[in-house]
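Here's the letter readout for the chains.
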Amino acid sequence: MKLNNNLIYRFEDGIIFDTSQGVLHELNETGNEILKLLDENNSYNQIIEILVSKYNLSEKSQIIEFVDEAFESFKEKGILHE
Amino acid sequence: MNKKLFSPLFICWDLTYRCNLKCIHCFCGELNTEEYIHNEQIDTKRIIEIIDELEKLKIYSLEFAGGEPLLAKSFYEILNHASTKNFKISLATNGTLINDTTVDKFKKFGISSVQISLDGHNKDLHEYIRGRNTFYRTIEGIKKVVDSGIQVIIATVVHKKNYKYLSEIANFIISLGVNLFRVQFILPLGMASHNEDMIMPSHIEKYEALEKLNKNINVIENKLKVILPCFYNKKTELENQNSNGCGAGILQANINPYGEITACALLTNKDWVAGNIKDSSFEDIWRNSEVFNIWRNNYRLNVECKDCSLVDICSKGCRAMAYLNDEFKTSLCLGE
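Position labels on residues start from 1 in each chain and follow its written sequence. Each chain is given a letter, starting from A, and each ligand a number, starting from 1, according to the order in which they appear as written. Confidence filtering applies because this is a predicted model: local features only for residues at pLDDT of at least 70, side-chain atom pairs given and counted only at 80 or more, and all residues used for totals across whole chains, interfaces and linings.

What to know about the overall build of chain B
A tally of helices and strands in chain B yields 16 helices and 10 strands. Note on contacts: residues are paired as contacts if their backbone-placed C-beta atoms lie within 7 Å. Taking as baseline every contact in chain B between residues at least 6 positions apart, the subset at least 24 positions apart corresponds to 72%. Strands here are runs of E lasting at least two residues and helices are runs of H or I lasting at least four, both read from the DSSP assignment and numbered beginning at the N terminus.

Structure follows, in structure tokens:
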């Protein structure tokens with residue numbers, strides 16, 4: 001999955017600006033963190049591993065749930081493409 | 001959205017108000033005299049320093065405008081320096097000074113798009129506000145940039161004579177090989193404030209213009225993408241929609257030839273100057289200016305807007321227009 005080309009992503013502000021529609025999306029903290037990892041060319045599995053390691057969670061399922069929810073939301077908003 | 005961003009995404013830099021034309025609607029036309037121009041444009045060294053700062057601030061897009069930016073002192077030196085940074089660089093010009101040499105430089109310095117003003121599909125409509133002997137020179141300029149492969153945006157100011165012909169203008173633009181069409185409305189500023197009767201279409205005429213454009217087959221089939229003013233709305237049913245309204249001071253900032261920073265180019269009144277890059281960093285002005293804070297805090301969002309069911313669509317309209325009109329609403333207010 002990759003960010004669509006018409007988007008400007010700014011991690012510092014937690015925003016995405018869609019230049020084709022002139023629409024600004026504000027990200028929540030989790031979404032911003034996941035999108036930053038994606039923007040750094042990490043795969044879905046790598047993102048999960050990085051977050052599990054960062055938050056020192058033994059149970060992966062919660063992280064997977066967060067990531068899946070975020071990806072779903074990004075796709076709905078037209079932020080990501082395959 | 002009133003969030004204060006780390007830095008704006010878009011900067012428009014009016015490098016000079018000098019211009020080879022004397023358009024009767026120009027917001028800065030009154031400043032296009034030797035007396036004013038003598039005092040403008042900060043030195044090139046400082047411009048270069050600010051460009052370096054803008055890169056550090058992760059500005060996405062830098063547009064050079066004016067006046068006529070091709071007449072700015074050291075323009076190509078500035079452009080050359082900007083081209084070494086990670087910006088999307090664009091230019092807004094009247095097109096009459098574009099020749100093979102300028103286009104070669106645009107390509108060399110990585111300009112990604114050039115906005116050229118064209119106000120009619122024929123000489124009479126265009127020259128009504130731009131002046132004599134401008135139409136064919138502009139067309140030549142457009143053709144040269146199109147042939148170079150650089151993206152061209154045609155910007156048309158809707159005026160009293162051309163408002164009925166936006167669809168014809170749209171077809172003409174397609175025939176020139178351009179597929180981006182920016183529609184602009186005149187604000188009662190500068191030269192326009194002296195010529196309102198001659199040039200300013202009425203509220204109804206503006207709607208009529210957009211309705212005709214909306215029915216244009218090239219627009220319907222998306223062969224021509226229409227870019228409406230930032231505050232425009234879904235009521236036109238044009239696909240181009242902006243749910244954030246005016247981005248002035250929030251997503252974007254303007255630098256004028258004197259080095260003054262404002263939320264948008266049209267806020268020329270001294271009350272809205274947030275600071276000057278001659279004596280402050282851009283970052284400091286953007287983050288700490290009291291003027292910006294006031295501006296971002298829903299400046300003049302009056303009771304009427306607060307209660308309006310359409311406020312989420314129009315996002316309070318053009319704030320510069322609201323300020324200029326002193327009547328809170330924009331000239332395209334959709335409220336009942």
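Structural notes on the overall build of chain A
Helix and strand counts for chain A come out as 3 helices and 5 strands. Each helix and strand of chain A, ordered N terminal to C terminal, gives the series β-β-β-β-α-α-α-β. Principal axes of the C-alpha set define a box for chain A whose edges measure 40 × 25 × 20 Å. Buried residues in chain A amount to 27% of all 82 residues. By sequence separation, contacts in chain A at least 24 residues apart represent 42% of the contacts at least 6 residues apart. Using C-beta atoms placed from the backbone, we call a residue buried if 20 or more other C-beta atoms fall within 10 Å of its own, exposed if 12 or fewer do, and partly exposed for counts in between.

Section: the sheet that holds strand β3 (residues 15-18) of chain A
Residues and elements named next belong to chain A. With respect to topology, 3 strands assemble into an open sheet ordered β2-β3-β4, the strand pairing being antiparallel. Edge positions in the sheet fall to β2 (7-10) and β4 (23-26), since each has one partner strand and no second. Sheet twist, expressed as the average angle between the axes of neighbouring strands with direction ignored, equals 15°. Any two strands are treated as partners once DSSP identifies two or more bridges connecting them. Bridge count for β3 against β4 is 4 bridges, and the pairing is antiparallel. When the bridges of β4 are listed, Ile15 appears paired with Glu26. Axis definition: a line fitted to C-alpha atoms, limited for helices to the stretch in contact. Angles are taken between N-to-C directions and run from 0 to 180 degrees.

Some thoughts on the environment of Gly66(B)
Residue and element names in this part refer to chain B. Relative to the helices and strands, Gly66 is located in strand β2 (residues 61-66). Using a count of 26 C-beta atoms within 10 Å as the deciding quantity, one classes Gly66 as buried. A C-alpha to C-alpha distance of 12 Å links Gly66 and Ser117, two positions 51 residues apart in sequence. Residue contacts for Gly66: discarding those within four places in its chain leaves Asp14, Leu15, Thr16, Tyr17, Cys19 and Ala72.

Topic: the sheet that holds strand β4 (residues 111-117) of chain B
Residue and element names in this part refer to chain B. Within the open sheet, the 10 strands sit side by side as β7-β6-β5-β4-β3-β2-β1-β8-β9-β10. Their pairing is mixed. Only two strands of the sheet have a single neighbouring strand rather than two, namely β7 (225-227) and β10 (275-276). One ladder, built from 6 bridges, connects strand β1 (residues 10-16) with β2; its direction is parallel. For Cys12, the partnering residue across the bridge sits in β2 and is Glu63.

Some details on the nonpolar core
Residues and elements named next belong to chain B. One nonpolar core equals one set of buried Ala, Val, Leu, Ile, Met, Phe, Trp, Tyr and Cys residues connected by C-beta atoms within 7 Å. One finds Ile11, Trp13, Ala170, Leu187, Ala263 and Leu266 to be the most contacted residues of the largest nonpolar core, which totals 113 residues. It is β1 that contributes the most residues to this core, 5 residues altogether. Apart from the residues lying within four places of it in its own chain, the contact partners of Ala263 are Ala248, Gly249, Ala253, Asn254, Trp272, Phe292 and Trp295.

Quick word on the packing of helix α1 (residues 29-39) of chain A against helix α3 (residues 60-76) of chain A
Residues and elements named next belong to chain A. Interhelical geometry of α1 versus α3 gives an angle of 85° and a closest axis separation of 10 Å. Compared by their axis directions, α1 and α3 come out roughly perpendicular. Contact with α1, carried on its side by Thr30, Gly31 and Ile34, involves Phe66, Val67, Ala70 and Ser73 of α3 and no other residues of that element. When describing relative orientation, an angle under 35 degrees is termed roughly parallel and one over 145 degrees roughly antiparallel, while 65 to 115 degrees is termed roughly perpendicular and anything else oblique.

A word on the pairing of β3(A)
All names here are of chain A. Pairing of β2 with β3 involves 4 bridges; the strand directions are antiparallel. Bridge assignment links Tyr9 to a residue of β3, and that residue is Ile16. The loop that links β3 with its antiparallel partner β4 comprises 4 residues; one of these, Gly22, has a positive phi angle of about 70°.

Digging into the environment of Lys278(B)
Positionally, Lys278(B) belongs in the loop between β10 and α12 (282-288). In this view, Lys278(B) contacts Ile42(B), Arg46(B) and Gly259(B); residues no more than four positions away in its chain are not counted.

Examining the packing of helix α7 (residues 166-175) of chain B against helix α10 (residues 203-214) of chain B
Residue and element names in this part refer to chain B. Across the interface, α7 lies against α10 with an axial gap of 8 Å and an inter-helix angle of 45°. Between α7 and α10, the angle is such that the two are oblique. Taking contact as the criterion, the partners of Leu166, Ser167 and Ala170 in α7 are, on α10, Ala209, Lys212 and Leu213. The residue classification treats Ala, Val, Leu, Ile, Met, Phe, Trp, Tyr, Cys and Pro as nonpolar and Asp, Glu, Lys and Arg as charged. All others, Gly included, are polar. Among the residues forming the contact of α7 with α10, the class breakdown is 4 nonpolar, 1 polar and 1 charged.

Remarks on the confidence of the model for chain B
Residue and element names in this part refer to chain B. Predictor confidence is given residue by residue as pLDDT, running from a minimum of 0 to a maximum of 100. Taken residue by residue, chain B gives an average pLDDT of 88. The fraction at 70 or more is 86%. Here residues 233-243 is modelled with pLDDT under 50, and outside its nearest four sequence neighbours on either side it reaches 23 contacts, counting other chains as well. On the interface metric, ipTM, the complex scores 0.78, and its pTM is 0.89.

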